[in-house]
Amino acid sequence: MVFEDDRRSHAEPGERTPCPPPDTREDVFRPQLELASHFDEYVDQLAGLVVVQPRGEVRDSYIDILVGLSNAAEAFRRSEAGDAQEAAERLRSAVDLLSKARTDGFVLVHA
């Protein structure tokens, strides 16, 4: 794993050199995209359990968590793409949904 700051070519100690454009830095670790990928996987795994959640507030909270995780993942992708305004809106929505969701009453199924 290589971080952006480690991408130096013939630099003196402590000297920084410009990084190549984003599309040529495939080996650079981008934590926001890694996190977005994990959120997407969690949503995919948990979406099938919506039907076993009790109707009403419990199911609504469960769905709020799924949508919040999806919005957070999209915010990270938008941020990476340089769309700061859309990223901020998605992140605000994610925080709102996740902060009001309650997890008590969820039905968890073990495989």
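Residues numbered from 1 in each chain as written. Predicted model: local features only at pLDDT ≥ 70, side-chain atom pairs only at ≥ 80, totals over all residues. Heavy atoms only, no water.

*Asks:* Can you lay out the nonpolar core for me, pointing to particular residues and giving the numbers?
*Replies:* Buried together is how nonpolar side chains tend to be arranged in soluble globular proteins. Phe39, Tyr62, Ile65, Leu66, Leu69 and Phe106 are the most contacted members of the largest nonpolar core, which totals 16 residues. Elements with a minimum of two residues in this core: α1 (31-47) and α2 (57-80). (Core = buried A, V, L, I, M, F, W, Y, C linked by side-chain atoms within 4.5 Å. Buried < 20%, exposed > 50% of the residue type's maximum accessible area, 1.4 Å probe, protein only. Helix = DSSP H or I, 4+ residues; strand = E, 2+ residues; numbered from the N terminus.)

*Asks:* Give me the environment of alanine 47: which residues, what numbers.
*Replies:* Structurally, alanine 47 is set in helix α1. Through-space distance from the C-alpha of alanine 47 to that of tyrosine 62 is 9.1 Å; in sequence the pair is 15 residues apart.

*Asks:* Give a description of α1 that names residues and reports values.
*Replies:* Because each turn of an α-helix spans 3.6 residues, side chains separated by three or four positions end up pointing in the same direction. Over its 17 residues, α1 extends 24 Å from the first C-alpha to the last, a length consistent with the 24 Å expected when each residue adds 1.5 Å. Inspection of α1 places Ala36, Phe39 and Val43 among the buried residues, and these make up the whole buried set. Buried residues of α1 fall within an arc of 60° about the axis and therefore sit on the same side. For α1, the exposed residues set more than 90 degrees away from the buried face come down to Asp44 and Gln45. Tucked inside the fold, the buried residues of α1 contact α2. (Expected span 1.5 Å × (residues − 1). Arc of directions from axis to C-beta. Contact = heavy atoms within 4.5 Å.)

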